[in-house]
Amino acid sequence: MKDMMQLVEPLIPPLRRYARALVRDAATADDLVQDCLERAITRWHQRRADGDARTWLFTILHNLAVSHIRQNRRRGGQVALDDAVAEPALSRPPTQEDALRHADLLRALDTLPEDQRAVLLLVSVEDLSYAEAARVLDIPIGTVMSRLARAREKLAQHMEGEPAGATIHRPNFGASIFRRVK
Amino acid sequence: MNAGRPITEEDLQAYVDGALDAGRRAEIEDYLARHAEAAQRVATYTLQRAALREALAPIVDAPVPDSLNLARLIEARRDRQARAWAGPWRNLAAAVLLLVVGGAGGWSMHGMAAKAPLSGVNALTQEAMDNYRVYAADSLRPVEMRAGEEQQLLQWVSKRLDRPVAVPDLSASGYRFMGGRLIATAHGAGAMFFYDDAGGNRIAMMVRPMTVDMDAPMSEHRQETAGQMVGGVTWSNQGMGYSLVADAPPQALHPLADEARRQIRAKI
């Protein structure tokens, strides 16, 4: 259990961040992380010798979060968006302007479909490699890349103030993400 | 320019994430210098990436709540296990007391006849669960022969069980074949095959010839011992018994069992 403490403990804050950004509600996110840690403790001995602890934990957490989101959706319960972003931990002390900008960004993040949001968070925020993200999400690496490109484009449009579903100003973009740029 | 490799959207994303080697990075930079639209987009994504990290930073910097204290969670699990262990002894003590009281009261052994030994599908399930508990928990060597030696494993097992044995492929359901081993049961030799998923969760399928319940439909079983729940789905077909077990509820295993049964029927 000693190696477990050493490997897992430093990962708890990033796991909280990922859960929080994915499900938005702070209490639910921490419940999911707790659930994830409990599973990690009981299954530590079942871990593949060749797998790394971070990818393994993110996989457990992601699966828990996704099944939570799906259950929640079936029940029709949704966290009110504005409540979630208005939480003190998400608004930074520095300047009011910063806080507003962050709130906008997180609100825009929330409009992404959950599979795109997950890729964007794992790669951009949690610094997982594309291969690691593919393992966590159990999808091919090409799918990671295309979701990442779509997520970034959608988020950029949102921040520019285009309403959701508006015509994309680069008409070809969505259709052929892997087209040769040159 | 760039005669070798065309610049792709993937390259631009990887550039944003700093995932390119120096050579490729230089090529992309050169490309961006000449393509304003792509450069604008990459700049937006880079800003976006930084802003996301900044917006979510307070969560990483915040103190971890007590409910997520790892040492405490480990301790709590140990306590639960200790309590679960205490359980059977408590029951045994109660049984002994009952026996003594019964004897003193001139009771017969009424209602206390020894449990009949399990047979058929129930025995198979018990054997599968017992073996799963022993071998799936072994992180180093759960199997005697690894997946790479599948052919030899199948020959060996088929010879020992005196029947053709097939190993279902569960990779479409996310389970990688790890290998298998021979196991001993009260009803003769059996074989157990192991699989694991990306999260390291292990499932096992036990196989052995049946003398009763030669053709039984699927039945779900669950059992809790020492705080660990093991679920199983058991069936038999033409005198061969199968039990798929894991530390998961049996309902969750049912689709995998369906898939395994379908494949075995097709193979044998």
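Computed from a predicted structure; not experimentally measured.

Asks: What is the right way to look at the overall build of chain B in this model?
Replies: When helices and strands are counted, chain B shows 7 helices and 7 strands. Going residue by residue from the N terminus, the α and β elements of chain B occur as α-α-α-α-α-β-α-β-β-β-β-β-β-α. A buried classification covers 44% of the 268 residues belonging to chain B. Taking all contacts inside chain B whose residues are at least 6 apart in sequence as the whole, residues at least 24 apart take part in 57%. Only carbon and sulfur atoms are counted for the fraction: they give 56% of the accessible area of chain B, which is about 14100 Å².

Asks: Even after reading the chapter, I still don't get the overall build of chain A, so can you show me in this structure?
Replies: Assigned secondary structure in chain A consists of 9 helices and 0 strands. When burial is assessed residue by residue, chain A has 52% of its 182 residues classed as buried. Accessible area for chain A stands at about 8500 Å²; split by element, carbon and sulfur atoms hold 51% of it.

Asks: Looking at this structure, how should I read the pattern of salt bridges?
Replies: Working definition: two side chains of opposite charge can pair if their charged atoms are close together. Evaluated as defined, the whole model comprises 24 salt bridges over all chains. Its salt-bridge partner being Arg24(A), residue Asp110(A) comes within 3.5 Å of it at the nearest N-O pair. With Asp110(A) in helix α6 (residues 96–110) and Arg24(A) in the loop between α2 (12–23) and α3 (26–43), this residue pair connects regions lying 86 residues apart in the sequence. Salt-bridge contacts for Arg117(A) lead to Asp110(A); the nearest nitrogen and oxygen are separated by 3.4 Å. The burial state of Arg117(A) is the same as that of Asp110(A); both residues are buried. Taken together, the shared-partner salt bridges connect Asp127(A), Arg152(A), Asp17(B), Arg49(B) and Arg53(B) into one network.

Asks: What should I look at first to understand the pairing of strand β6 (residues 228–237) of chain B in this one?
Replies: Regular strands show a simple pattern: their side chains alternate between the two faces of the sheet. β6(B) sits mainly inside the fold: 9 of its 10 residues count as buried. Between the end of β6(B) and the start of strand β7 (residues 240–246) of chain B, which pair antiparallel, lie 2 residues, with Gln238(B) showing a positive phi angle near 50°.

Asks: Could you clarify how one ought to interpret helix α6 (residues 150–161) of chain B in this entry?
Replies: Three or four residues apart is the spacing at which side chains of an α-helix point the same way, because the helix has 3.6 residues per turn. Residues and elements named next belong to chain B. With 12 residues, α6 should reach 16 Å at 1.5 Å per residue; the first-to-last C-alpha distance of 16 Å fits that figure. Regarding α6, the residues found buried are Leu 153, Leu 154, Val 157, Ser 158 and Leu 161. Mapping the buried residues of α6 onto a view down its axis gives an arc of 120°, with all of them on the same face. Of the exposed residues in α6, the ones pointing more than 90 degrees away from its buried face are Gln 151, Gln 155, Lys 159 and Arg 160. On its buried side, α6 packs onto β1 (145–146), β2 (176–185), β3 (188–196), β4 (202–209) and β7. Backbone geometry just after α6 places Asp 162 at a positive phi near 60°.

Asks: Help me out: how do you make sense of unusual backbone geometry in this one?
Replies: Excluding glycine, residues mostly carry a negative phi; peptide bonds, for their part, are mostly trans. The backbone phi angle of Asp127(A) is positive, close to 60°, even though this residue is not glycine. Within the secondary structure layout, Asp127(A) lies in the loop between α7 (114–125) and α8 (130–137). For Asp127(A), a relative accessible area of 39% translates into the label partly exposed. The backbone phi angle of Asp213(B) is positive, close to 50°, even though this residue is not glycine. Position of Asp213(B) relative to the elements: it lies in the loop between β4 and β5 (216–225). With relative accessibility at 37%, the residue Asp213(B) sits in the partly exposed group.

Asks: Explain the packing of α7(A) against helix α9 (residues 141–159) of chain A here, please?
Replies: In a packed pair of helices, the relevant descriptors are the angle between the two axes and the axis-to-axis distance. Residues and elements named next belong to chain A. Look at α7 against α9: their axes get within 8 Å of each other, and the N-to-C directions meet at 95°. Classified by the angle between their axes, α7 and α9 sit roughly perpendicular to one another. The residues of α9 that touch α7, namely those facing Asp 115, Gln 116, Val 119, Leu 120, Val 123 and Ser 124, are Val 144, Arg 147, Leu 148, Arg 150, Ala 151, Arg 152, Lys 154 and Leu 155. Residues belonging to the contact of α7 with α9 are distributed by class as follows: 7 nonpolar, 2 polar and 5 charged.

Asks: Explanation requested: the sheet that holds β2(B) in the structure shown.
Replies: Two orientations exist for strands paired in a sheet by backbone hydrogen bonds: parallel and antiparallel. All names here are of chain B. Taken in spatial order, the 7 strands of this open sheet run β1-β2-β3-β4-β7-β6-β5, and their pairing is antiparallel. Of all strands in the sheet, those bounded by a partner on one side alone are β1 and β5. Where β2 meets β3, 9 bridges bridge the pair, whose relative direction is antiparallel. Residue Ile 183 lies in a different strand from β3, and its bridge partner there is Gly 190. Those strands touched by helix α7 (residues 250–267) are β4, β5, β6 and β7, and its axis lies near 30° from that of β6.

Asks: How should I be thinking about the environment of Gly239(B) in this particular structure?
Replies: All names here are of chain B. In this fold, Gly 239 is placed in the loop between β6 and β7. Residue class for Gly 239 comes out buried when judged on its relative accessible area of 1%. Those residues in contact with Gly 239 that lie beyond four places of it in its chain are Arg 163, Arg 208, Pro 209, Met 210 and Met 214.

Asks: When you look at the side chain of Ser158(B) in this model, what are you seeing that I'm missing?
Replies: Residue and element names in this part refer to chain B. Within the secondary structure layout, Ser 158 lies in helix α6. A polar contact is formed between the side chain of Ser 158 and the backbone nitrogen of Val 165, at a distance of 3.1 Å. Not counting residues up to four positions away in its chain, the partners in contact with Ser 158 are Arg 163, Pro 164 and Val 165.

Asks: Honestly, the interface of chain A and chain B in this entry has me stumped. Any pointers?
Replies: One frequent convention defines the size of an interface as the accessible area lost when the parts assemble. Across the contact, 56 residues belong to chain A and 55 residues belong to chain B. In this assembly, chain A packs against chain B so that about 5300 Å² is buried in total across both faces, 60% of it on carbon and sulfur atoms. Put simply, chain A and chain B have 3 salt bridges between them. The salt bridge involving Asp17(B) is made with Arg152(A); its shortest N-O contact spans 2.6 Å. Inspection of the region where chain A meets chain B yields 13 residue pairs in polar contact (both at pLDDT 80 or more). Partitioned by chemical class, the residues of the side of chain A that touches chain B number 30 nonpolar, 6 polar and 20 charged.

Asks: Could you clarify how one ought to interpret the packing of α9(A) against helix α3 (residues 36–61) of chain B in this entry?
Replies: As a packed pair, α9(A) and α3(B) sit with axes 10 Å apart at the nearest point and diverge in direction by 85°. Accordingly, the angle class assigned to the pair α9(A) and α3(B) is roughly perpendicular. Contacts from Ala149(A), Arg152(A), Glu153(A), Leu155(A) and Ala156(A) in α9(A) reach Arg41(B), Thr44(B), Tyr45(B), Gln48(B), Arg49(B) and Leu52(B) in α3(B). Looking at the contact of α9(A) with α3(B) residue by residue, the class counts come to 5 nonpolar, 2 polar and 4 charged.

How each quantity is defined
- The residue numbering used here restarts from 1 in each chain and proceeds along that chain's sequence as written.
- Going through the entries in the order they are written, you letter the chains from A and number the ligands from 1.
- With the structure being a predicted model, the display of local features is reserved for residues of pLDDT at least 70 and the display and counting of side-chain atom pairs for 80 or more, all residues being used for whole-chain, interface and lining totals.
- By convention in this description, side-chain values take in all heavy atoms of the structure and omit both hydrogens and water.
- Numbering of helices and strands starts at the N terminus; helices are DSSP runs of H or I of at least 4 residues and strands are runs of E of at least 2.
- To sort residues, take the accessible area from a 1.4 Å probe on protein chains only and compare it with the maximum for the residue type: under 20% means buried, over 50% means exposed, and anything in between is partly exposed.
- Contacts between residues were defined by any pair of non-hydrogen atoms, one from each residue, lying within 4.5 Å.
- Accessible areas in this description were obtained via Shrake-Rupley with a 1.4 Å probe; residue shielding takes into account the shown protein chains only.
- By definition, a salt bridge exists where a carboxyl oxygen of Asp or Glu is found within 4 Å of a side-chain nitrogen of Lys or Arg.
- Only when DSSP finds a minimum of two bridges between them are two strands counted as paired.
- Helix span, expected: 1.5 Å multiplied by one less than the number of residues in the helix.
- To obtain the arc, one takes the directions from the helix axis to the C-beta atoms.
- Convention adopted: a line fitted to C-alpha atoms gives each axis, helices being fitted over their contacting stretch, and angles between N-to-C directions are expressed from 0 to 180 degrees.
- Angle categories: roughly parallel below 35 degrees, roughly antiparallel above 145, roughly perpendicular from 65 to 115, and oblique for all the rest.
- Residue polarity is assigned by list, with Asp, Glu, Lys and Arg as charged and Ala, Val, Leu, Ile, Met, Phe, Trp, Tyr, Cys and Pro as nonpolar; anything else, Gly included, falls into the polar class.
- Polar contact is the term for a pair of N or O atoms within 3.5 Å; when the atoms are in protein, one must be able to donate a hydrogen and the other to accept it, and sequence-neighboring residues count only if both atoms are side-chain atoms.
- Take the accessible area each of two parts loses on contact, using a 1.4 Å probe, and add the two losses: that sum is the buried area.

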